[in-house]
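Spelled out from the first residue to the last, the chains are:
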Amino acid sequence: MRIAVIGAGVIGLSTALCIHDRFHALVPQLQLEVYADRFTPHTTSDGAAGLWQPYLSDHGNLQETLWNKETFEHLLGYLNSPEAKEMGLFLISGYNLFKQPVPDPSWKNIVLGFRNLTPKELELFPGYSYGWFNTALMLECRSYLPWLTNRLAQRGVKFFHRKVESFEEMFSQGIDVVINCTGIRAGELQPDPALQPARGQIIKVLAPWVKHFIITHDMESGIYSSPYVIPGSEFTVLGGIYQQGNWNEENSAQDHKSIWERCCRLLPMLQKAEIVQEWSGLRPARPTVRLERESIGHGRSRTEVIHNYGHGGFGITIHWGCAMAAARLLGNILQEKQSQSRLSAAAICQTAEFPPPWPHTT
Amino acid sequence: MAAPRVAVVGAGLIGLSTALRIAEVNPNCCSITLLSEQFSPNTTSDVAAGMLIPHTYPGTPIHVQKQWFKETFTYLFAISNSAEASEAGIHLVSGWQIFKNPSEAEVPFWSDIVLGFRPMSAAELQKFPQHSHGQAFTTLKCDCPPYLLWLEKRLKANGVQIHTRKVADLWELHSEYDIVVNCTGIGARQLVGDQQLFPIRGQVLKVHAPWVKNFIRDGDGLTYIYPGIDSVTLGGTREKESWRLSPDPGTTKDIFDRCCSLEPSLQRAQDIRVKVGLRPSRSCVRLQREVLSQGGAKLLVVHNYGHGAGGFSVHRGTAEEAAHLVQECIAALQGSSSRAKL
């Protein structure tokens, strides 16, 4: 039983690990392979600062809120373990700032210590009259992706550094199930007009005296188009660019200027910070995450694809919940195939507690 | 009468901040010289983490301590919010004070001065399975050497002369200076023979663990983790009457173990440096004037020492009071000088 994961960003690698965790003991002939043309540190995930924080509103999408919660709790469980530093995982506190009162977010009870800002705290941020304080998590992909890769390699998962041109290519090589974690380029495997780039640009600086994240919000211009400052373990990320429909992965001088000026206005001490790097990336934006099964082909050459892409600017935030959901879908596929092979039905049913499956999303 | 000559003795946090305040409130009317045997990075202040979490002095009314803390916090808050913040080494830091006994978790007198003070939630306490209560807040940290070096720079900009000099006896200054401000910290024990002043030895580790962004302070503050700009300070000890300045390896391991039990990721900390400081402890800060005289000669002294574990938290407030006492001395000198003319 050959399972191929396409894509080695945070979604691809975590889905692969989750699948291996769940099924390797039950399906001994399970062979897991990862295909990608970009690996860490060259994936979209590597450019993200790594802050766990969903968007302000879940638009009633409770499914995604649940996946966010599952991810946060999964990561919290690793916080006091010896693995945390190697994973790039640590607690961080900080501020979300607004120019007017806003409703509390769907994630207020997921993060730790969520509260409104006091008037004295707001003095720190002229121009902002309302805000939140909470403690959340950082998961830096330049550490987390290598950590996931090592775990997978230790378990004998094979990696293939090449671009997959089509699902058919995989099936013709004997792959039984494809897990499609191709992020922004999913459209190259199967057109999806709902998937659009939301281009971001960031400046990485040395500013070790900044200990809090600061995310500002402009309710008119939209998420991440207002300045933000996110301190990592080594560098601090300055950003505030969200350009829908822009496929350009080159750094823009105009965006640099905009980020720099607005972040320095927000935090004057940044003027003295040394710039270390600049990066642009394409958030794989979609109205909802595409996490569903699809059968390709007919009759005996019928094969299965599990799609897991379109996580926009919250891939790190939601990744583990989605990985588990993808693993559940694979469980269903394996259960169906067991009537064709000699797998034990009981063994599949006994896999680690599967919560009631949500309806398939489209 | 010629402009009064003021000498400030001591270049730790108290000496530097006091000299600066004197210069600020007396811009043109006196000459100020700072004398010290040691400068940053070799002062007691350099060992401390510089956290603005007050120590309670049994001999000082709470409302006075609160006023000192408030003045200090307000002053540093403004710097932290300016372009100078990185050079001055002042930054905000959030974190938790955690307790094993509910009785320890009283609301302290300074809770409304720090930012966002509140009890920790049950979810937050899950990170500390051995602790049942806690308080979360945001406060300021003064990283040394940067803060001390920034103060030195401000002094020079204010025309203060700075000289390296060991003062063995305050009286030796009487011919060169009219007013001496004694900010010698633990050195005052020998310099002025103050038996009420005693060291409380503190050993700390400064480690490289830049992923630690929140502070953790356990109970009464014996064990703590304070993230700074380039290092995290792990502490500590409180050894009364110990004058030993050399690090103790057994203590190092003990501090490291205590801190790792609160923050397991510290096991991966690198570049561990050990430092020792002698907190200049006293039941209350000695903030008072004194007149020394021999023969017909006089020397006016203002004492500002004995801040123990709480120097950073109150330094601006006590500097303010000391500067005020210096003004009184100047007025006294001018008064007696005009009487001399009659």
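Quick caveat, the model's predicted, so the values are computed rather than measured. (Residues numbered from 1 in each chain as written. Chains lettered and ligands numbered in written order. Predicted model: local features only at pLDDT ≥ 70, side-chain atom pairs only at ≥ 80, totals over all residues. Heavy atoms only, no water.)

Asker: I'd like a description of the UniProt feature "binding site: FAD" (unreviewed entry) in chain B, backed by residues and values.
Answerer: Residue and element names in this part refer to chain B. The positions UniProt marks with the feature "binding site: FAD" (unreviewed entry) are T44, S45, V167 and T184. Within the secondary structure, T44 is located in helix α2 (residues 44-47). Relative accessible area serves as the criterion here: at 36%, T44 is assigned to the partly exposed category. In this structure, T44 is in contact with G277 and L278, ignoring residues within four places of it in sequence. Positionally, S45 belongs in helix α2. In this structure S45 comes out as buried when scored by relative accessible area, which is 12%. Contact partners of S45, with chain neighbours within four places excluded, come to G12, L13, C144, L148 and F312. (UniProt positions renumbered as here; feature names shortened; annotations may be inferred. Helix = DSSP H or I, 4+ residues; strand = E, 2+ residues; numbered from the N terminus. Buried < 20%, exposed > 50% of the residue type's maximum accessible area, 1.4 Å probe, protein only. Contact = heavy atoms within 4.5 Å.)

Asker: I'd like a description of the sheet that holds strand β6 (residues 161-164) of chain B, backed by residues and values.
Answerer: All names here are of chain B. The strand order across the open sheet formed by six strands is β6-β2-β1-β7-β15-β14, and the pairing between neighbours is mixed. Either end of the sheet is taken by a strand with one partner, and the two such strands are β6 and β14 (286-294). Strand-to-strand, the axes of this sheet are offset by a mean angle of 20°, without reference to chain direction. With nine bridges joining them, β14 and strand β15 (residues 297-305) adopt antiparallel strand pairing. Opposite E290, over in β15, you have V301 as the bridge partner. (Pairing = 2+ DSSP bridges. Axes fitted to C-alpha atoms, helices over the stretch in contact; angles between N-to-C directions.)

Asker: How would you summarise the packing of aromatic side chains if you had to cite specific residues and measurements?
Answerer: Tallying each qualifying case throughout the model produces 25 aromatic pairs over all chains. Ring centres of Y55(A) and F314(A) lie 4.9 Å apart, and the angle between their planes is 85°; on these two criteria the pair is classed as edge-to-face. With Y55(A) in the loop between α2 (44-47) and α3 (62-79) and F314(A) in the loop between β15 (303-309) and α9 (315-337), this pair connects stretches of sequence that are 259 residues apart. As far as burial versus exposure is concerned, Y55(A) and F314(A) are alike and both buried. Consider the rings of W96(B) and F128(B), whose centres lie 5.9 Å apart with planes at 65°: the pair is edge-to-face. Of this pair, W96(B) sits in strand β3 (residues 90-99) while F128(B) sits in the loop between α5 (122-125) and β5 (133-142), and the two are 32 residues apart along the sequence. One exposure class covers both W96(B) and F128(B), and it is buried. Here a set of aromatic residues connected by ring pairs shows up, and it is made of W110(B), F117(B), F137(B), F215(B), Y224(B) and Y226(B). Above the ring of Y75(B), the side-chain terminus of R316(B) is found at 3.7 Å from the ring centroid. (Phe/Tyr/Trp six-rings, centres within 6.5 Å; stacked < 30°, edge-to-face > 60°. Lys NZ or Arg CZ within 6 Å of the ring centre and 35° of its normal.)

Asker: For the interface of chain B and chain A, give the residues involved together with the corresponding values.
Answerer: Taken residue by residue, the interface counts 35 residues in chain B and 30 residues in chain A. Of the roughly 3000 Å² buried between chain B and chain A, counting both surfaces, carbon and sulfur atoms make up 59%. Here chain B and chain A share zero salt bridges between them. Inspection of the region where chain B meets chain A yields eight residue pairs in polar contact (both at pLDDT 80 or more). Put simply, the parts of the chain that give the side of chain B that touches chain A at least two residues each are α3 (62-80), α4 (85-88), β3, β4 (115-119) and α5 of chain B. Looking at the side of chain B that touches chain A element by element, the count peaks at five residues for β3(B). When the residues that make up the side of chain B that touches chain A are grouped by side-chain class, the tally is 16 nonpolar, eleven polar and eight charged. (Buried area = accessible area lost by both parts, 1.4 Å probe. Salt bridge = Lys/Arg side-chain N within 4 Å of Asp/Glu carboxyl O. Polar contact = N/O pair within 3.5 Å; in protein donor to acceptor, adjacent residues only side chain to side chain. Nonpolar A, V, L, I, M, F, W, Y, C, P; charged D, E, K, R; others polar.)

Asker: Which residues make up the packing of α3(A) against α9(A), and what values go with them?
Answerer: Residue and element names in this part refer to chain A. At a minimum axis separation of 6 Å, α3 and α9 run at an interaxial angle of 105°. The orientation of α3 with respect to α9, classified from their angle, is roughly perpendicular. Within the contact between the two elements, α3 uses E64, W67, N68, E70, T71, H74 and L75 and α9 uses I316, T317, I318, H319, W320, G321, C322, M324, A325 and R328. Of the residues that constitute the contact of α3 with α9, the class distribution is eight nonpolar, six polar and three charged. (Parallel < 35°, antiparallel > 145°, perpendicular 65-115°, else oblique.)

Asker: Account for the side chain of N134(A), naming residues and giving values.
Answerer: Residue and element names in this part refer to chain A. When you line up the elements, N134 lands in strand β5 (residues 130-139). On the basis of relative accessibility, which here comes to 0%, the residue N134 falls in the buried class. Residue contacts for N134: discarding those within four places in its chain leaves I92, S93, G94, N96, W107, V111, L112, G113, F114 and F213.

Asker: Hey, could you go over empty space enclosed by the protein for me, with residue numbers and the actual values?
Answerer: For the structure shown, the criterion picks out four cavities of 30 Å³ or more. Space inside the largest cavity adds up to approximately 190 Å³. Lining of the largest cavity is provided by 16 residues; of these, H212(A), I214(A), L267(A), M269(A) and L92(B) occupy positions nearest its centre. Partitioning the lining of the largest cavity into residue classes produces ten nonpolar, five polar and one charged. (1 Å grid on protein atoms, 1.4 Å probe; cavity = no way out; pocket = protein on both sides within 12 Å on 5 of 7 lines; lining within 4 Å. Points joined across faces, edges and corners; volume = space filled by probe spheres on them.)

Asker: Before we move on, could you go through the UniProt feature "binding site: D-dopa" (unreviewed entry) in chain B and cite the residues and values that matter?
Answerer: Residue and element names in this part refer to chain B. Those residues carrying the UniProt feature "binding site: D-dopa" (unreviewed entry) are Y224 and R279 in this numbering. The topology assignment puts Y224 in strand β10 (residues 223-227). You can call Y224 buried: its relative accessible area is 10%. Excluding residues within four positions of it along the chain, Y224 makes contact with V204, I216, R217, T233, L234, G235, G236 and C259. If sequence neighbours within four positions are ignored, R279 has contacts with I186, F198, P199, I200, R201, G202, T237, R238, G308 and A309.

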